[in-house]
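# Coordinate inspection notes
Here are the chains, one letter per residue:
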Amino acid sequence: MLFKNITIIDENLDVKKNMFVLVQDGRIAYVGAAVPEGYDGEMFDGSRKLLMSALINIHAHSPMTLLRGYGEGMALSDWLFTKIFPFEAKMRERDVYYSMLLGIAEMMKYGTAASTEMYFHTDAIVRAALESGFKINISSGITSFDGKPLSENANFLCEQKNFETIHGAGGGRILADFSIHGEYTSNPGIVGGLAAYLKGKDARVHIHLSETKKEVAECRERHGITPPAYFEKLGLFDLPVTAAHCVALEDGDFDILSRHDVTIAHCPVSNLKLASGVANIPRALRAGISVGLGTDGPSSNNALNLFSDLKLFALLHKGVGGDPKLIGAKEALLSVTANGARAQGRADCGVLKAGARADLVVIDLDTPSMQPEHDLVSNIVYSLDPSAIFMTMIDGQVVYRDGEFKTIDLEKVYFEVESSKKRILSEL
Ligand SMILES: [Zn+2]
């Protein structure tokens, strides 16, 4: 497809008008001000449209769409143990498959091309991503409450199998990560065992880290150190790690994350909804830590529309820090594009330039929220009405265009998700 006369946000997040962008074989083949020579395929009239890199959500439990609106008004620990875990214990593979498709449809509609998922029934999640054309990093969230060694841990065995069999599937769209759900849901034997197992492997790790003050206090009681110091000591941070939340980091923790190049998956909406607090992201950025954005699960957000998290990200730290210069629009946009791609281990994603994968979003400029055009990056971050999102493309495939989902039968998904919801509630 050739996008003609379109406004773009380029690799430096600068706005360029009247550009030509050619997509071939899943990649951006050409970006320039002149018509590329020798192309006579499908054309897209880009006048009054904007083309930019699609968004990347680096912390999600998307099949939790099934729990959207269930268990409201509770603090994290209470919410997990009295509402979420009992409901999830009833979820079967088929429930996870359709709930994941619902989540994928929502992400596609709001311009997201990839997410980093941590959830169970990973086969169903991978199948949903493969069939719909979506891109995921998948892990199952290793937990351990029984004292068994890592080699007998069901979630670890699942991740090991995924790494050996589906890592790189779908032309690289599926990446199999490893994970530790959290310090408070595992033990040193499991964490140290995973670090030792992964040594020398080209693998990535996804964890929850210092989400609440309570988690940090309990970790100190158990181990005498903070969660980042604990994971560092056990060798987990010798691997590329994406750490979700990081709300309750203490002074020395920033150095630890910076030293080991851990990416923070900042989840401002989820942290506010569960009253966990506000992560000190400006300090993390000053310490040189890379920051991406995550929605977290749709039962603590409750949306998968990353544009709304983006706006909150750009606003929140200004208000908390009392400084309007904190988190500029470009810095915010970088977090949901190139920084997200880097965290996922996808060096050729998250940027609009020749050679990169064609994960792209088309935004309608003829819409009140995008006018006038003093600063289009600022409009994208602060004023974009999501109905202006016209098209989402992943690896060159149009998956959503003008209200139409090209790869998902949404009526079927709504029916199945409602059936799952009714069955599970009747079983509780
Ligand atoms: Zn989470």
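Structural data are supplied above this passage.
Report follows, based on the coordinates. Quick caveat, the model's predicted, so the values are computed rather than measured.

Considered for burial, the residues of helix α14 (residues 376-383) that qualify are L376, V377, N379, I380 and V381. Of the surrounding elements, those touching the buried residues of α14 are β1 (2-9), β2 (15-24), β5 (49-53), α11 (306-321) and α12 (329-335). At the N-terminal end of α14, a side-chain oxygen is found 3.2 Å from the backbone nitrogen of V377, two or three residues along, and the residue is D375.

Quick look at helix α5 (residues 188-198) now. Where α5 is concerned, the buried positions are I190, V191, L194, A195 and L198. Along α5, the residues classed as buried sweep out an arc of 130° about the axis, all on the same side. For α5, the exposed residues lying more than 90 degrees away from the buried face are G189 and A196. Summarising the contacts, the buried residues of α5 are in contact with α4 (154-165), β10 (178-180), β11 (205-209) and α7 (227-233). Two or three places before G189, at the start of α5, stands the capping residue N187, its side-chain oxygen 3.1 Å from that residue's backbone nitrogen. Directly after α5, the chain includes G200, whose backbone phi takes a positive value near 85°.

It is worth spelling out the nonpolar core at this point. The biggest cluster of nonpolar side chains holds 111 residues, and the ones touching the most others in it are M52, I207 and L236. Residue assignment places this core across two domains, with domain 1 (2-53 + 351-405) and domain 2 (55-344) each supplying three or more. Discounting chain neighbours no more than four positions away, the residues touching I207 are M118, I180, H181, F231, L236, F237, V241, T242, A243 and A244. Among the nonpolar cores identified, the runner-up in size contains 20 residues, and V21, I28, A356 and L360 belong to it.

Let's shift gears to the environment of A128. For A128, the position within the fold is in helix α3 (residues 122-132). On the basis of relative accessible area, A128 is assigned to the buried category, the value being 0%. A128 sits 130 residues away from S258 along the chain, and the two C-alpha atoms are 35 Å apart. Those residues within four positions of A128 in sequence are excluded, and the remaining contacts are Y97, M100, L101 and I104.

Protein coordination of the zinc ion is provided by H59 (NE2), H61 (NE2), H208 (NE2) and D296 (OD), with donor distances spanning 2.1 to 2.4 Å. In this structure, the zinc ion is coordinated by 4 donor atoms arranged in irregular fashion, with angles at the metal of 85 to 172°. In primary-sequence terms, the residues that donate to the zinc ion follow H-x1-H-x146-H-x87-D. Here H59 falls in the buried class, since its relative accessible area comes to 0%.

Moving on, we come to the sheet that holds β11. Strands sit in the order β10-β11-β12-β13-β14 across an open sheet of 5 strands; the sheet is parallel. At either end of the open sheet lies a strand with only one pairing partner, and these are β10 and β14 (291-293). Averaged over all pairs of adjacent strands, the angle between their axes in this sheet comes to 25°, without regard to strand direction. Bridge analysis of strand β13 (residues 263-266) against β14 gives 3 bridges, and the strand direction is parallel. Of the residues in β14, the one forming a bridge with H266 is L293. Across the face of the sheet, α5 comes into contact with β10 and β11 while running at roughly 160° to β10.

Criteria and cut-off values
Residue positions within a chain follow its written sequence, with the count starting from 1. Totals for whole chains, interfaces and linings use all residues, but because this is a predicted model, local features are given only for residues with pLDDT of at least 70 and pairs of side-chain atoms are given and counted only at 80 or more. Each side-chain value is worked out from all heavy atoms of the structure, with water and hydrogens disregarded. Only protein chains enter the calculation, and the probe is 1.4 Å; a residue is then buried if its accessible area is under 20% of its type maximum, exposed if over 50%, and partly exposed in between. Helix and strand definitions follow DSSP, with helices as H or I runs of at least four residues and strands as E runs of at least two, each counted in order from the N terminus. Whether two residues touch is decided by their heavy atoms; if any such pair falls within 4.5 Å, the residues are in contact. Polar contacts here mean pairs of N or O atoms no more than 3.5 Å apart (in protein, one a potential hydrogen donor and the other a potential acceptor; neighbouring residues in sequence count only if both atoms are side-chain atoms). Our arc is simply the arc of the directions from the helix axis toward the C-beta atoms. Only buried residues count toward a nonpolar core, which is a set of Ala, Val, Leu, Ile, Met, Phe, Trp, Tyr and Cys residues joined through side-chain atoms within 4.5 Å. An automatic or database domain assignment supplies the start and end points of every domain. Because no water is among the atoms considered, metal sites can look incomplete, with donors defined as N, O and S atoms within 2.8 Å of the metal, or 3.2 Å for Na, K and Ca. Key to geometry: four donors with every angle between 85 and 135 degrees are tetrahedral; four donors are square planar and six octahedral where opposite donors lie over 155 degrees apart and all remaining angles lie between 65 and 115; all other sites are irregular. Strands are treated as partners if at least two bridges between them are detected by DSSP. For helices, the fitted line uses only the C-alpha atoms of the stretch in contact; every axis is such a line through C-alpha atoms, and the angle between N-to-C directions lies from 0 to 180 degrees.

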